[in-house]
Amino acid sequence: MRRVLASLPRRDWIFVLSVIVLVLVLGMALSARLLFPGGPWEVVGPPVVPPFTKGFLLGTDTIGRSVLAGIFYGARVSLLVGIVATALPFLLGMLIGAIAGYSGGLVDDALMRLTELFQTVPHFMLALVLVAILTPSITSIIIAISVVSWPPVARLVRAEFLSLRNREFVEAAVLAGRSHTSIVFKEILPNALGPVVVMASLMVATAILLEAAISFIGLGDPNLMSWGYMVGASRTALRTAWWVSVVPGLAVFLTVLAINFVGEALNEALNPRSALRAYK
């Protein structure tokens, strides 16, 4: 862990800005209820008040709700979906990939055919169908994103297990009489986590984008204010109240971009050559 932290590009201004953006988004999510106790749906002024007007930093929407309050509460939804909808497929993909890669043979073939079946269907279309079937809610959105996100994790973990299961340290563990569970979780899995962790960081950005797209077309949770909902609900007023769509759109763009830059930095840090150079 010390080598990984030491090899992060802390002097790279893009990486530093990305970390600052993510810290700000987290701060908005944590302080939303404290700063805006009335919630994002409360009408606080006249409709279509421009940004930087006295009392309205980011203006109001076509109904008179604070755009700033919507941004703060939308950060909560985006982080919740990004984290939970990444953790679930991450665990499922790790399990399926580990079983397939370590077992091989018919088990590997069966699990990989199942994985390919899910990958043949366009992710966004499958997510839309699942949300429509389960009725729009934050739970159904998380389930839908989880269902379409686990196959790449499973394939990556399987590839890592296939390359590691015949290494000397694994053969030594087999000769020592260790159980399969012990070999998988204590020998192979820790050595396969590097690229999977990097993929997980990028999956957070994908989950946020999928949630925004689903909410944009009207299938988001009707009880939660999200950035995608704000863009979709105000797109008809783009000429008269451009800020209502542009501000949450920028929030999505900057958050996803920051996560991608941090993911790339993490990839470099987990690269053995990079980590070794930094440690030296």
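It should be emphasised that the depicted structure is a prediction, and the values quoted were computed from it without experimental measurement.

## Focus: the environment of L126
Within the secondary structure, L126 is located in helix α5 (residues 123-134). For L126, the residues in contact, after removing those within four places along its chain, are F118, V121, V147 and V148.

## Digging into the confidence of the model for the protein
Confidence along the protein averages 83 in pLDDT terms, with 91% of residues attaining 70 or more. Across residues 3-7 the pLDDT falls below 50, and counting only partners more than four positions away or on other chains, this stretch makes eleven contacts in the model. Considering only residues more than four positions removed or in separate chains, one finds that residues 273-280, a stretch of pLDDT under 50, has ten contacts.

## A few points about the packing of aromatic side chains
Two numbers describe a pair of aromatic rings. These are the distance of the centres and the angle of the planes. According to the stated counting rule, one finds four aromatic pairs in the structure shown. Ring centres of F118 and W150 lie 5.3 Å apart, and the angle between their planes is 65 degrees; on these two criteria the pair is classed as edge-to-face. Separated by 32 residues along the polypeptide, F118 in helix α4 (residues 105-119) and W150 in helix α6 (residues 138-164) bring together distant segments of the chain. Ring geometry for W242 against W243: centres 5.8 Å apart, planes inclined by 85 degrees, an arrangement best described as edge-to-face. On the accessibility criterion, W243 (5% relative accessible area) is buried.

## Points about the pattern of salt bridges
For the structure shown, the criterion picks out four salt bridges. Two residues, E116 and R155, come together in a salt bridge whose shortest N-O distance is 3.7 Å. With a gap of 39 residues between them, E116 in helix α4 and R155 in helix α6 connect regions that are remote in the sequence. E116 sits in the partly exposed class, given a relative accessible area of 30%. Through salt bridges that share partners, R113, E116 and R155 make up one connected network.

## What to know about α5
The α-helix advances 3.6 residues per turn, and as a result positions three or four apart in sequence lie on the same side. When the terminal C-alpha atoms of α5 are compared, their 16 Å separation across twelve residues agrees well with the 16 Å that a helix rising 1.5 Å per residue should span. Buried within α5 we find L126, A127, L128 and V131. Buried residues in α5 make contact with α4, α6 and α8 (180-216). Following α5 by one or two positions, T135 adopts a phi angle in the positive range, close to 70 degrees.

## Regarding the packing of helix α3 (residues 67-103) against α4
Two elements in contact, α3 and α4, have axes whose closest approach is 7 Å; the angle formed by their N-to-C orientations is 145 degrees. Regarding α3 and α4, the two cross each other, and that crossing is left-handed. In this structure, α3 contributes I96, I99, A100 and S103 to the contact, and α4 contributes G105, V107, D108, L111, M112 and T115. Considering only residue class, the contact of α3 with α4 consists of six nonpolar, three polar and one charged.

## Here we look at the side chain of S18
Here S18 shows up in helix α2 (residues 13-35). Here I14 takes part through its backbone oxygen, which lies 2.8 Å from a polar atom of the side chain of S18. When residues no more than four places from it in sequence are discounted, the contact partners of S18 are A258, F261 and V262.

## Points about unusual backbone geometry
Positive phi values are uncommon outside glycine, yet V48 reaches one of about 55 degrees. With respect to the element layout, V48 can be found in the loop between α2 and α3. The phi angle at F52 is positive, at roughly 65 degrees, despite the residue not being glycine.

## A short note on the nonpolar core
Nonpolar side chains in soluble globular proteins tend to be buried together. If you look at the biggest cluster of nonpolar residues, it comprises 28 residues, and the most contacted ones within it are V67, I71 and W227. Setting aside residues no more than four positions away along its own chain, W227 makes contact with V25, G70, I71, G74, A75, S78, P248, A251, V252 and T255.

## Remarks on the environment of R65
Relative to the helices and strands, R65 is located in the loop between α2 and α3. Residue class for R65 comes out buried when judged on its relative accessible area of 12%. Residues R65 and A265, spaced 200 residues apart in sequence, show a C-alpha to C-alpha distance of 38 Å. Those residues in contact with R65 that lie beyond four places of it in its chain are P40, W41, E42, V43, V44, G59, T60 and Y229. For R65, the side chain forms a polar contact with the side chain of D61, separated by 2.7 Å.

## Focus: a nonpolar patch on the surface
Together, L238, W242, V246, L250, F253, L254 and L257 make up a nonpolar patch on the protein surface, roughly 630 Å² of accessible area in all. Tracing the chain through its elements places V246 in helix α10 (residues 242-270). The exposure class of V246 is partly exposed, given its relative accessible area of 33%.

What counts, and at which threshold
Residues numbered from 1 in each chain as written. Predicted model: local features only at pLDDT ≥ 70, side-chain atom pairs only at ≥ 80, totals over all residues. Heavy atoms only, no water. Helix = DSSP H or I, 4+ residues; strand = E, 2+ residues; numbered from the N terminus. Contact = heavy atoms within 4.5 Å. pLDDT = per-residue confidence, 0-100. Phe/Tyr/Trp six-rings, centres within 6.5 Å; stacked < 30°, edge-to-face > 60°. Buried < 20%, exposed > 50% of the residue type's maximum accessible area, 1.4 Å probe, protein only. Salt bridge = Lys/Arg side-chain N within 4 Å of Asp/Glu carboxyl O. Expected span 1.5 Å × (residues − 1). Axes fitted to C-alpha atoms, helices over the stretch in contact; angles between N-to-C directions. Left-handed = near helix turned anticlockwise from the far one by under 90°. Nonpolar A, V, L, I, M, F, W, Y, C, P; charged D, E, K, R; others polar. Polar contact = N/O pair within 3.5 Å; in protein donor to acceptor, adjacent residues only side chain to side chain. Core = buried A, V, L, I, M, F, W, Y, C linked by side-chain atoms within 4.5 Å. Patch = residues over 30% accessible without salt bridge, like charges linked within 9 Å, V, L, I, M, F, W, Y side chains within 5 Å. Areas by Shrake-Rupley, 256 points an atom, 1.4 Å probe, with all protein chains shown as cover.

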